[in-house]
Amino acid sequence: MANPNKAKGTGWESAVRDYLNARLGLVDEFGKFLDPFSALNVRRPAQEGAADVGDVHAVPFILECKNVKSPAVPTFLRQAEVEAHHAGFPYGVAVVKSARLNVRRGKVHFTVRTWTRVRLSLGMCSRHFADRYSFTVSTRGLNTGRWYFTTEVEDFALLLADIRRNRNPQ
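What comes next concerns the included structure. All figures in this text were calculated on a predicted structure; none of them were measured in a lab.

Assigned secondary structure in the protein consists of five helices and six strands. Its C-alpha radius of gyration of 15 Å places the protein within 12% of the 15 Å reference for a compact globule of 170 residues. Seen along its three principal axes, the alpha-carbon backbone of the protein occupies a region of about 45 × 45 × 30 Å. Put simply, the protein has 170 residues, and 44% of those count as buried. Partitioning the intrachain contacts of the protein with sequence separation of at least 6 by distance along the chain shows that 55% fall at a separation of at least 24. Total accessible area on the protein stands at roughly 9400 Å², and carbon and sulfur atoms take up 53% of it. Side-chain charges in the protein split into 25 positive and 16 negative, and the spacing between the mean points of these groups amounts to 6 Å.

Now the structure itself:
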């Protein structure tokens, strides 16, 4: 790949995809899908140009993955929500790489609106939801459009498994 920044971004997207597939038990010990046709497999879709559909699809989330030195989280979240809309998914979140740390320590950021909708879909109170998935809140000034909740990729995998179990009870 000629562009080193693109290669860095692609590597991060692939690492997030592979980690989530492994944590959710969707792949075997060799990284091959157990059911290649399952809609629940975490995938990197082909780029769509002007109507981009996100970097990684983890039903029901679109993940906008970023590997940058200076994250602009509110901007990334706006981009994730637009891309979720383009893809027809209910939630868009930003996943930002933490320098020199394992993929499981990457940061997953939610807008206040997305955090609330996900929490309500699970029928959990705010305190229990924040504690179970280790969310912290960032309030930047009085502009609530710049506020967001953050957890790690490892805890996001647990949240994703719980949402999927809640939508498809056994």
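Now for the nonpolar core. Phe-61, Leu-63, Phe-110 and Leu-159 are the most contacted members of the largest nonpolar core, which totals 33 residues. Among the elements of the structure, α1 (4-23), β1 (56-58), β2 (61-66), β3 (91-96), β4 (107-111), α3 (112-121), α4 (126-132) and α5 (153-167) are those that each provide at least two residues to this core. Looking at this core, the element that brings in the most residues is α5, giving six residues. Contacts of Leu-63, omitting those with residues within four sequence positions, involve Val-16, Leu-20, Gly-54, Asp-55, Val-56, Ala-58, Val-93, Val-95 and Phe-156. Leu-77, Ala-94, Val-96 and Tyr-148 belong to the second largest nonpolar core, which has six residues in total.

With that settled, consider α3. All of the buried residues in α3 are Thr-114, Trp-115, Val-118 and Arg-119. End-on, the buried residues of α3 take up no more than an arc of 130 degrees, which puts them together on one face. Summarising the geometry of α3, the exposed residues directed more than 90 degrees from the buried face are Arg-113 and Leu-120. Downstream of α3 by one or two residues, Gly-123 has phi in the positive range, about 65 degrees.

Let us now look at the sheet that holds β2. Taken in spatial order, the six strands make up an open sheet running β1-β2-β3-β4-β6-β5, and their pairing is mixed. The outermost strands of the open sheet, each flanked by one partner alone, are β1 and β5 (136-138). For this sheet the average axis-to-axis angle between neighbouring strands, irrespective of direction, equals 30 degrees.

Attention now goes to the pairing of β3. Within β3, six of the six residues are buried, which leaves it mostly tucked inside the rest of the structure. Burial of β3 is two-sided: the residues Tyr-91, Val-93 and Val-95 facing one way and the residues Gly-92, Ala-94 and Val-96 facing the other way are all buried. When β2 meets β3, the two strands line up parallel, connected through six bridges. Bridged to Ile-62 within β3 is Gly-92. The handedness of the β2 to β3 crossover, carried by helix α2 (residues 73-87), is right-handed.

Right, let's get into α2. The end-to-end C-alpha distance of α2 is 21 Å, a good match for the 21 Å that 15 residues give at a rise of 1.5 Å each. Three or more residues of α2 are buried, namely Val-73, Pro-74, Phe-76, Leu-77, Ala-80, Glu-83 and Ala-84. Those residues of α2 hidden inside the fold are in contact with β2, β3, β4 and β6 (148-152). Among the residues trailing α2, Gly-88 stands out with phi positive, at a value near 80 degrees.

Basis of the calculations
Residues numbered from 1 in each chain as written. Predicted model: local features only at pLDDT ≥ 70, side-chain atom pairs only at ≥ 80, totals over all residues. Heavy atoms only, no water. Helix = DSSP H or I, 4+ residues; strand = E, 2+ residues; numbered from the N terminus. Rg over C-alpha atoms; globule rule 2.2 N^0.38 Å. Buried < 20%, exposed > 50% of the residue type's maximum accessible area, 1.4 Å probe, protein only. Contact = heavy atoms within 4.5 Å. Areas by Shrake-Rupley, 256 points an atom, 1.4 Å probe, with all protein chains shown as cover. Lys, Arg positive; Asp, Glu negative; His and termini not counted. Charge placed at Lys NZ, Arg CZ, Asp CG, Glu CD. Core = buried A, V, L, I, M, F, W, Y, C linked by side-chain atoms within 4.5 Å. Arc of directions from axis to C-beta. Pairing = 2+ DSSP bridges. Axes fitted to C-alpha atoms, helices over the stretch in contact; angles between N-to-C directions. Right-handed = clockwise from strand over helix to strand, strands pointing away. Expected span 1.5 Å × (residues − 1).

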